[in-house]
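Take a look at the letters that make up each chain.
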2 protein chains.
Amino acid sequence: MKSILLLVLDGLGDRPNPELNGRTALQAAFRPNMNHLAAVGQTGQMHPVKPGIRSGSDTSHLSLLGYDPEKFYTGRGPFEAMGLGLDVRGGDIAFRANFGTRKENGEITDRRAGRINNGTELLAKDLSMNIDGVDFFVRAGVEHRAALVMRGNNLSDLVTDSDPHEVGVKVREISATGESAKFTAEVLNKYLTETRKILDTHEVNLERKKNGESPANELLLRGAGLAPSLPLFREKTYLKGACITGIPMISGICRLAGMDLIDVKGATGRLDSDFSAKFAAAFKALGTYDFLVMNIKATDVAGHDGDAIAKKNAIERIDRAMGGIEGHLDDSVICITGDHSTPCVMKDHSGDPVPIVFTTSGIRKDSVRFFDEISCARGSYNIMSGDVLRILQQLSDRSEKYGA
Amino acid sequence: MKSILLLVLDGLGDRPNPELNGRTALQAAFRPNMNHLAAVGQTGQMHPVKPGIRSGSDTSHLSLLGYDPEKFYTGRGPFEAMGLGLDVRGGDIAFRANFGTRKENGEITDRRAGRINNGTELLAKDLSMNIDGVDFFVRAGVEHRAALVMRGNNLSDLVTDSDPHEVGVKVREISATGESAKFTAEVLNKYLTETRKILDTHEVNLERKKNGESPANELLLRGAGLAPSLPLFREKTYLKGACITGIPMISGICRLAGMDLIDVKGATGRLDSDFSAKFAAAFKALGTYDFLVMNIKATDVAGHDGDAIAKKNAIERIDRAMGGIEGHLDDSVICITGDHSTPCVMKDHSGDPVPIVFTTSGIRKDSVRFFDEISCARGSYNIMSGDVLRILQQLSDRSEKYGA
């Protein structure tokens, strides 16, 4: 049976760019391989979640993998924790966190600890512990940002923030907003008491004080979220699935779905990622797995930078790196799309649909010959919402019959 | 940030007309402004509610404004009451009503009071009153038609009709079909007893009797409906919204949504409406409001008349009146569509989709160059159901991100 390769070029969709004579980065790029796939395949436009929704990479990848985000997206906490590389499992409670500065009387004087920009990894490392049977894991992010994950029995996300969201007031005691969360609130308050002892005397903070900098002596928690228990991808689809990505949040989602993660040396999730290494790993994995999702982040990075030339160049390098892809069409269904648009003129995600191409040997090819936002609008899958996984399953002749 | 103009040409969609050589009214019309917007924008076909649904203006405008009619359309009563210009508020109970003729023994001899065609406004005026804390408001419509609105506490629409729906039988006592409606039924019966006293001795009816005409001495109620409490448009969308329309039902819906109503002198909701005045008001309002919906009824009127030439002429006058609209594309997202099709050959609404164009500066324009039912079927938004508001929000870069 055919394997499936779902290639997600992150933030692929664009809008017309003045510096590219009104073309999108994809239109302007030299992309013979992508165009070949369009010429021999079926194309269209795709709303990753639904029309008009400006989706994030988290909600969109859930949807692409067949998990309805309205059901499984439980807020930013768990997904940002995954994004920082924490191992988040279904049932865990996750928080977004800041390192802040607390006076002795409990008053918060700075919610960002002077925008601390080093040493937080050392602080985070010393804040992982077990209290009353609950495991706490902390990971530091950019500047003052961090995430906390709690794992144990009888935990609930119905708890308030310890972050007062303003300065000049005391850090808040965490309280339960539902009966089932009493234990969670209790153990969280115990945990925060412990962290204060550690942070107040931590060598990173002693050093900061010596230098006249605000100590990062309070872990301010906000936005408790329950990590979703995703039905296993394999049980849901009968596909043995794997993921290649340099982005911890996406590997986190795939891990939640029970998919294997394939590590590729040189896959950085940045503009300098080794695309050739990724494609080589992907083509190899198609022999072992039924389904492979591969995310390339560079297009999104360039979009957020507002750099249309860099986005065009990234697309050209990706296209070069996929050379030989047409040799896999007899054994595989190949799909290239984006998880959302990141127009360079916006420097952020938009709700514009993304172009999509499906191809494999024997497919009903349509008349579209170029892979870009405008050409694919005349394709045979114009215009779809979600549904990508089901279409891939059917094109690989693996769908269960519905009826007789 | 960009403002949004949603221009709804009522009943715009058409089918081929023999007298226009097989073209739709829109295809046949000289429409350089609409075609320009299509040429620089994104086009498509749109099912206002969903494919195959022959929507009314009420269900369709709810959908266009982002209120799912399956959830918020509570039957004809409240919407017809709005259509007669009654101020209907969320929680009100509304009925469609006829003026009928009742004999002394209560038997209904004519459900239309001899198709009475004048004097009903005077009758209606005298039927507004307060009983047991409930306010009753009546407004007369065309011929024998009218509407009743009740406003007060503890009201329910689970009540039967007083209209027996046949002649030669007695008017029905209203009864509750649910426990919660006992008070409503009781106060309605009291109210109808009061109205009978007033109508039996009303000078309009004394005059009719003198002329040998059937008196309009019974207000026959049917189809109780609870007016929906619409979530406020501003709270739902973060858009400050306003409406320009000559149609009371549409202004009623916008009022329920908490939008401002902009009065335009000369806006009649008929073929003779002052389109130029409406566009001038709309362009001005774009400086003050984030979102403006403007309905032009003339296209629907001509469709119901089965007059393809009149429909074509109305479209040409509307196109002329929108001259200069392209000057607003840097500051606004402009959308032209219909609320449903009213094919001249049908003289009624059909379920055919309507053409739609979205445009603004920097949009991904598609290859369609003409604004009509056939050309737009090759557009990049072919084929959409509802979703118009969300797409307008995203094109104006005002959407909240869903995820990160």
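**A look at the overall build of chain A**
- A count of helical and extended segments in chain A gives 14 helices and 15 strands.
- For chain A, the proportion of its 404 residues judged to be buried stands at 56%.
- Restricting the contact set of chain A to residue pairs at least 6 apart, pairs at least 24 apart contribute 69%.

**What to know about the packing of helix 3 (residues 57–64) of chain A against helix 10 (residues 248–256) of chain A**
Residue and element names in this part refer to chain A.
- Close contact between helix 3 and helix 10 brings their axes to 10 Å; oriented N to C, the two are set at 35 degrees. Regarding helix 3 and helix 10, the two cross each other, and that crossing is right-handed. Contacts from Ser57, Asp58, His61 and Leu62 in helix 3 reach Met249, Ile250 and Ile253 in helix 10.
- Residues of the contact of helix 3 with helix 10, tallied by class, amount to four nonpolar, two polar and one charged.

**A closer look at the interface of chain A and chain B**
- Listed by partner, the interface residues are 30 residues for chain A and 19 residues for chain B.
- Within the residue set of the side of chain A that touches chain B, elements represented by two or more residues are strand 3 (54–55), helix 3, helix 5 (76–83) and strand 15 (381–385) of chain A.
- No other element matches the four residues that helix 3 of chain A contributes to the side of chain A that touches chain B.
- In terms of residue class, the side of chain A that touches chain B is made up of eleven nonpolar, eleven polar and eight charged.

**Details of the relation of the copies chain A and chain B**
- Screw-axis analysis of chain A against chain B gives a translation of 0.2 Å along the axis, an RMSD of 0.2 Å, and a rotation angle of 123 degrees. Each copy turns onto its partner about a three-fold axis.
- Take the interface residues of chain A: only 7% of them recur as interface residues in chain B, which is what a contact between different surfaces looks like.

**Points about the pairing of strand 12 (residues 332–337) of chain B**
All names here are of chain B.
- For strand 12, the buried fraction is high: six of the six residues fall into the buried class.
- Alternating positions in strand 12 separate into two faces, Ser332, Ile334 and Ile336 on one and Val333, Cys335 and Thr337 on the other, with burial throughout.
- Bridge analysis of strand 12 against strand 13 (residues 354–359) gives three bridges, and the strand direction is antiparallel. When the bridges of strand 13 are listed, cysteine 335 appears paired with phenylalanine 358.

**Examining the domain arrangement of chain A**
All names here are of chain A.
- Taken domain by domain, chain A consists of domain 1 (3–73 + 231–395) and domain 2 (78–226).
- Here the C-alpha centre of domain 2 lies 36 Å away from the C-alpha centre of domain 1.
- Residue contributions to the side of domain 1 that touches domain 2 peak at five residues, all from helix 10.
- Split by residue class, the side of domain 1 that touches domain 2 holds four nonpolar, one polar and one charged.

**Observations regarding the sheet that holds strand 2 (residues 42–47) of chain A**
All names here are of chain A.
- Strand order across the open sheet formed by eight strands is 11-10-12-1-13-14-2-15, with mixed pairing between neighbours. Only two strands of the sheet have a single partner each, and these edge strands are strand 11 (260–261) and strand 15.
- When strand 2 meets strand 15, the two strands line up parallel, connected through three bridges. For glycine 44, the partnering residue across the bridge sits in strand 15 and is tyrosine 381.

**So, helix 7 (residues 182–200) of chain A**
Residue and element names in this part refer to chain A.
- Here helix 7 spans 27 Å end to end across 19 residues, near enough to the 27 Å set by a 1.5 Å rise per residue.
- Burial in helix 7 covers these residues: Thr184, Ala185, Val187, Leu188, Tyr191, Leu192, Thr195 and Leu199. All buried residues of helix 7 lie within an arc of 165 degrees about the axis, which places them on one face of the element. Exposed residues lying more than 90 degrees from the buried face of helix 7 are Thr193 and Lys197.
- The inward-facing, buried residues of helix 7 contact strand 4 (93–102), helix 6 (120–125), strand 6 (129–131), strand 7 (134–140), helix 8 (203–210) and strand 9 (218–226).

**Considering helix 3 (residues 57–64) of chain B**
Residues and elements named next belong to chain B.
- Of all eight residues in helix 3, eight are buried, a share of seventy percent or more.
- All of the buried residues along helix 3 are Ser57, Asp58, Thr59, Ser60, His61, Leu62, Ser63 and Leu64.
- Of the surrounding elements, those touching the buried residues of helix 3 are strand 1 (3–9), helix 4 (69–72), helix 5 (76–83), helix 10 (248–256) and helix 14 (388–395).
- Backbone geometry just downstream of helix 3 places glycine 66 in the positive-phi region, at approximately 90 degrees.

**Things to note about unusual backbone geometry**
- In this structure, isoleucine 383 of chain A follows asparagine 382 of chain A across a cis peptide bond, with omega equal to 5 degrees.
- Backbone geometry places histidine 165 of chain A, a non-glycine residue, at a positive phi of 60 degrees.
- With respect to the helices, strands and loops of the structure, histidine 165 of chain A is situated in the loop between strand 8 (145–151) and helix 7.
- Even without being glycine, tyrosine 238 of chain B reaches a positive phi, approximately 60 degrees.
- Positionally, tyrosine 238 of chain B belongs in the loop between helix 9 (233–237) and strand 9 (241–244).

**Considering the sheet that holds strand 11 (residues 291–296) of chain B**
All names here are of chain B.
- Pairing within the open sheet is mixed, and its eight strands lie in the order 10-9-11-1-12-13-2-14. Single-partner strands in this sheet number two, and they are strand 10 (260–261) and strand 14 (381–385).
- Alignment of strand 1 against strand 12, held across six bridges, turns out to be parallel. Bridged to serine 3 within strand 12 is serine 332.

**A look at the environment of glycine 119 of chain B**
Residues and elements named next belong to chain B.
- Checked against the element boundaries, glycine 119 lands in the loop between strand 4 (108–110) and helix 6 (120–125).
- Taking the number of C-beta atoms within 10 Å as the measure of exposure, glycine 119 has 19 and is therefore partly exposed.
- C-alpha of glycine 119 to C-alpha of aspartate 200: the two residues are 81 residues apart in sequence and 14 Å apart in space.

**Topic: the packing of helix 5 of chain A against helix 10 of chain A**
Residue and element names in this part refer to chain A.
- Relative orientation of the contacting elements helix 5 and helix 10 amounts to 115 degrees, with a least axis distance of 6 Å. Taken as axis vectors, helix 5 and helix 10 run roughly perpendicular relative to one another. Helix 10 is crossed by helix 5, and the crossing has right-handed handedness. Across the interface between the two elements, Phe79, Met82 and Gly83 from helix 5 touch Pro248, Met249, Gly252 and Ile253 from helix 10.
- Taken together, the residues of the contact of helix 5 with helix 10 break down into five nonpolar, two polar and no charged.

**Section: the environment of isoleucine 198 of chain A**
Residues and elements named next belong to chain A.
- Mapped onto the fold, isoleucine 198 is located in helix 7.
- Judged by C-beta crowding, with 15 C-beta atoms within 10 Å, isoleucine 198 ranks as partly exposed.
- The sequence separation of isoleucine 198 and asparagine 217 amounts to 19 residues, and the corresponding C-alpha distance is 8.3 Å.
- For isoleucine 198, the residues in contact, after removing those within four places along its chain, are Asp126 and Leu127.

**Thoughts on the pairing of strand 2 of chain A**
Residues and elements named next belong to chain A.
- Counting buried positions along strand 2 gives six out of six residues, so the element sits mostly inside the fold.
- Neither face of strand 2 is left uncovered, since the one carrying Gln42, Gly44 and Met46 and the one carrying Thr43, Gln45 and His47 both have all their residues buried.
- Two strands pair when backbone bridges link them, and strand 2 and strand 14 (residues 354–359) are joined in this way by five bridges, in the antiparallel orientation. When the sheet's bridge partners are listed, glutamine 42 is paired in strand 14 with phenylalanine 358.

**Quick word on the environment of arginine 115 of chain B**
Residue and element names in this part refer to chain B.
- Structurally, arginine 115 is set in the loop between strand 4 and helix 6.
- Sequence-wise, arginine 115 and asparagine 98 are 17 residues apart; in three dimensions their C-alpha atoms are separated by 9.9 Å.
- The contacts of arginine 115, once residues within four sequence positions are left out, are Glu143 and His144.

Conventions we followed
- Residues numbered from 1 in each chain as written.
- Chains lettered and ligands numbered in written order.
- Predicted model: local features only at pLDDT ≥ 70, side-chain atom pairs only at ≥ 80, totals over all residues.
- Helix = DSSP H or I, 4+ residues; strand = E, 2+ residues; numbered from the N terminus.
- Buried ≥ 20, exposed ≤ 12 C-beta atoms within 10 Å, placed from the backbone.
- Contact = placed C-beta atoms within 7 Å.
- Axes fitted to C-alpha atoms, helices over the stretch in contact; angles between N-to-C directions.
- Left-handed = near helix turned anticlockwise from the far one by under 90°.
- Nonpolar A, V, L, I, M, F, W, Y, C, P; charged D, E, K, R; others polar.
- Least-squares fit on C-alpha atoms with pLDDT ≥ 70 in both.
- Pairing = 2+ DSSP bridges.
- Domains from an automatic or database assignment.
- Expected span 1.5 Å × (residues − 1).
- Arc of directions from axis to C-beta.
- Parallel < 35°, antiparallel > 145°, perpendicular 65-115°, else oblique.

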